[in-house]
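A structural walkthrough
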Amino acid sequence: MVLVLYLYKNIILNKNDMKILYGVQGTGNGHISRCRTLAKALKKAGADVDYILSGRDPKDYFDMQAFGNYRTFSGLSFATLNGKINFRKTIQRIRAFRLIKDVRDLDLSKYDCIISDFEPVSAWAAHHQNRDCLGISNQSICHYLKPKEYGMIANVIMKYYAPVTKPIGLHWFHFGQKLIPPMIDSFETQPTEDGKIVVYLPFEDLQEIAQLVNQFPQYQFCCFHPDVKQISERKNLLLQPLSRDTFTQALLSCSGIISNTGFALISEALSLGKKILTKPVAGQFEQVYNAQCLQSLDMATVMENLSSLKLKYWLSLPSTKPIVYPNVAEELANWIVSGQKETLLSLSQRLWQQTVFPDNVKQQIKSLGYV
């Protein structure tokens with residue numbers, strides 16, 4: 001009788017459990033934010049997931065409860081200086097022998113599915129062990145769109161940084177390809193507007209940020225930055241240390257956001273109907289391309305540097321309407337756990353049919369030749 005109960009519990013009840021290894025790029029909070037959203041959906045779908053993160057000092061991770069007993073690796077990361085990619089420092093950071101050892105030591109035999117969000121250790125381990133790997137990230141769009149902004153060096157990086165066998169590109173619009181909309185976490189409260197402007201420019205110098213916003217004393221700015229360790233004020237600029245909960249509350253109540261051109265935060269701002277002023281990190285091809293897309297779709301205002309003229313123009317603009325994206329994380333988690341029986345093209349088309357764009361974005365989409 002005991003044997004029967006054991007078999008019932010461990011074979012029949014758990015027959016649909018899927019064991020997943022999920023590699024998360026840790027250099028940017030956007031990757032972690034997106035993966036946190038999918039982590040919740042995968043848990044709800046019944047998947048058993050182990051997480052690894054790379055690219056950041058382990059002590060610098062925060063708000064990581066969704067990832068359980070995650071493991072960290074050195075991985076690969078880009079170095080920045082004064083808002084620009086510093087290739088010399090990037091090369092100095094590379095620990096090739098450590099990366100090769102981590103890749104070879106990562107045993108994937110117990111996993112049914114490997115996922116990489118632009119994370120090199122999981123992706124290269126899957127490649128080394130001849131395993132399929134889902135690449136779920138904004139970076140995966142390069143497999144479909146071939147952005148001209150990327151250039152030869154960027155295309156080489158995209159091909160070899162975290163190679164995957166099944167790229168699933170996330171984007172703000174499909175551009176005629178089998179891309180899927182952003183994964184955005186649900187918010188417990190409705191967005192409001194209190195007149196404040198949230199600033200998140202982690203790759204820019206704090207002094208330069210302060211000099212820019214202090215020129216507009218009639219506005220209140222709230223800046224979150226990794227160099228800030230405690231709350232302080234510089235005239236009309238409130239400086240806050242990084243905290244997901246505090247940042248989320250500020251984002252929900254603000255009247256606009258100034259940020260670099262990463263994917264996750266911009267996606268949240270679009271879904272909340274917050275007007276956006278964005279500065280791509282110079283030399284970071286992904287952000288340069290993201291900025292070009294946002295501009296072409298009339299989703300944001302772009303500045304190439306910390307420009308007071310561009311800020312003055314943007315502050316005068318009216319509020320925007322939100323983009324309504326479906327629950328992509330839940331749909332994607334169910335698709336993964338069910339064995340990916342539906343084609344990616346079908347999943348893509350179904351999700352975009354549920355997406356609602358404001359009128360100005362619809363007009364831009366039409367002008368680009370898409371219906």
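First, a word on scope: everything that follows refers to the structure included in this document. (Residues numbered from 1 in each chain as written. Predicted model: local features only at pLDDT ≥ 70, side-chain atom pairs only at ≥ 80, totals over all residues. Heavy atoms only, no water.)

**Some points on the overall build of the chain**
Secondary structure assignment for the chain yields 15 helices and 15 strands. Per-residue burial for the chain yields a buried fraction of 51% across its 371 residues. In the chain, 66% of the contacts between residues at least 6 apart in sequence involve partners at least 24 apart. Accessible surface for the chain amounts to roughly 18,300 Å². Of this, 53% is attributable to carbon and sulfur atoms. (Helix = DSSP H or I, 4+ residues; strand = E, 2+ residues; numbered from the N terminus. Buried < 20%, exposed > 50% of the residue type's maximum accessible area, 1.4 Å probe, protein only. Contact = heavy atoms within 4.5 Å. Areas by Shrake-Rupley, 256 points an atom, 1.4 Å probe, with all protein chains shown as cover.)

**Brief notes about the nonpolar core**
A general trend in soluble globular proteins is that nonpolar side chains are found buried together. If you look at the biggest cluster of nonpolar residues, it comprises 71 residues, and the most contacted ones within it are Leu38, Leu42, Ile136, Met299 and Ile336. Broken down by element, this core gets its largest block of residues, 7 residues, from helix H13 (residues 328–337). In terms of domain composition, this core takes at least three residues from each of domain 1 (11–183 + 327–360) and domain 2 (197–316). The residues contacting isoleucine 336, other than those within four sequence positions of it, are Met18, Ile20, Leu42, Cys113, Ile115, Leu134 and Ile136. Counting 20 residues, the second largest nonpolar core, distinct from the first, contains Val228, Leu239, Met303 and Leu311. (Core = buried A, V, L, I, M, F, W, Y, C linked by side-chain atoms within 4.5 Å. Domains from an automatic or database assignment.)

**Observations regarding the pattern of salt bridges**
Going through the model one piece at a time under the given rule, you end up with 12 salt bridges. Across the pair lysine 110 and aspartate 50 runs a salt bridge, and its minimum N-O distance is 4.0 Å. Taken together, the positions of lysine 110 in the loop between helix H4 (96–105) and strand S6 (113–117) and aspartate 50 in strand S2 (residues 48–54) put the pair 60 residues apart, joining distant regions of the chain. Residue classification places lysine 110 among the exposed residues on the basis of a relative accessible area of 52%. A relative accessible area of 22% places aspartate 50 in the partly exposed class. A salt bridge links glutamate 331 to arginine 350; the nearest nitrogen and oxygen atoms lie 3.0 Å apart. Here arginine 350 lies in helix H14 (residues 344–353) and glutamate 331 lies in helix H13, a separation of 19 residues in the sequence. Assessed through its relative accessible area of 29%, arginine 350 is described here as partly exposed. (Salt bridge = Lys/Arg side-chain N within 4 Å of Asp/Glu carboxyl O.)

**Some remarks on the environment of valine 328**
Topologically, valine 328 is positioned in helix H13. The class of valine 328 is buried, set by a relative accessible area of 1%. In this structure, the C-alpha to C-alpha distance between valine 328 and alanine 41, residues 287 residues apart in sequence, is 9.4 Å. Discounting chain neighbours no more than four positions away, the residues touching valine 328 are Ile180, Pro181, Pro182, Met183 and Leu351.

**Examining the sheet that holds strand S15 (residues 301–302)**
Sheet architecture is open: 7 strands sit in the order S11-S12-S10-S9-S13-S14-S15, paired in mixed fashion. Unpaired on one side and paired on the other, strand S11 (232–234) and S15 mark the two borders of the sheet. Alignment of strand S14 (residues 275–278) against S15, held across 2 bridges, turns out to be parallel. Note on S15: the bridge partner recorded for threonine 278 is valine 302. (Pairing = 2+ DSSP bridges.)

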